[in-house]
Amino acid sequence: MDLQYTILTYPDPQLRQISQPVEEITDEVREKTLALFPAMYADNGIGLAAPQVGWHARVFVVNVTGKPEDELAFINPEITERSGGLWSFEEGCLSLPGIRGKVKRERKITLKGTDLEGKPIELSADGLVARCILHEFDHLDGILFIDRLSPAKRQSIKRRLRELEAEAAV
Ligand code: NI
């Protein structure tokens, strides 16, 4: 299987679908998950969720440094703890080219899920890794970071959103 993903962009309605849990971690699931990494690197991303490539499974990958040892892949993740207060930081998204904006998120999180071998994993993260995990986790529920912008910021990106809508309509 040679998977070449295309990353879906706003306003593709598939980005708004709720993703479903993976029932069984098969070789196919492993391959489809691992193929998210090259798709993410090709666009200089630090995270990519399965629904962004049209695969509506609760799967995402993260790598905030780009180093191979920092690759993280999560299947059926759940955020079991959020703490440390909110902090604001500028985000972007491979599905929203040309848009950036500050989003408030919790500083620390604990995530439970399954790894590619089907083993349960638990991870505590803070800072950028926590932020990236929360951003990707949102994708599994059809939430985009633009939904979390301040009303003023949301107003300021309206023109760019219309441009993306126009490009998609062609
Ligand atoms: Ni994103």
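Residues numbered from 1 in each chain as written. Predicted model: local features only at pLDDT ≥ 70, side-chain atom pairs only at ≥ 80, totals over all residues. Heavy atoms only, no water.

1. Some thoughts on the pattern of salt bridges
The condition that has to hold: Each reported salt bridge corresponds to a side-chain nitrogen of Lys or Arg within 4 Å of a carboxyl oxygen of Asp or Glu. Elements are defined by DSSP. Helices are runs of H or I of four residues or more, strands are runs of E of two residues or more, and each kind is numbered from the N terminus. Residue exposure (1.4 Å probe, protein chains only): buried if accessible area is under 20% of the type maximum, exposed if over 50%, otherwise partly exposed.
Evaluation of the coordinates by the stated rule reveals twelve salt bridges. Among the ionic pairs, K32 bridges to E28, the shortest N-O distance being 4.0 Å. Residue K32 and its partner E28 are located together in helix 1 (residues 27-34), separated by four residues, close to a single helical turn. The residue R105 makes a salt bridge to D138 at a minimum N-O spacing of 3.1 Å. Of this pair, R105 sits in strand 4 (residues 101-114) while D138 sits in helix 3 (residues 127-140), and the two are 33 residues apart along the sequence. Like D138, R105 is buried. Taken together, the shared-partner salt bridges in this structure form one network comprising E91, R105, R131, D138 and R148.

2. Observations regarding the coordination of the nickel ion
Note the threshold: With water excluded from the atoms, a metal site may look incomplete; its donors are any N, O or S atoms within 2.8 Å, or within 3.2 Å for Na, K and Ca.
Donor atoms from the polypeptide that coordinate the nickel ion comprise C93 (SG), H135 (NE2) and H139 (NE2), at 2.1 to 2.2 Å from the metal. Coordination of the nickel ion draws on donor residues from a single chain, spaced C-x41-H-x3-H in sequence. Of this pair, C93 sits in the loop between strand 3 (72-91) and strand 4 while H135 sits in helix 3, and the two are 42 residues apart along the sequence. When its relative accessible area of 7% is taken as the criterion, H135 is described as buried.

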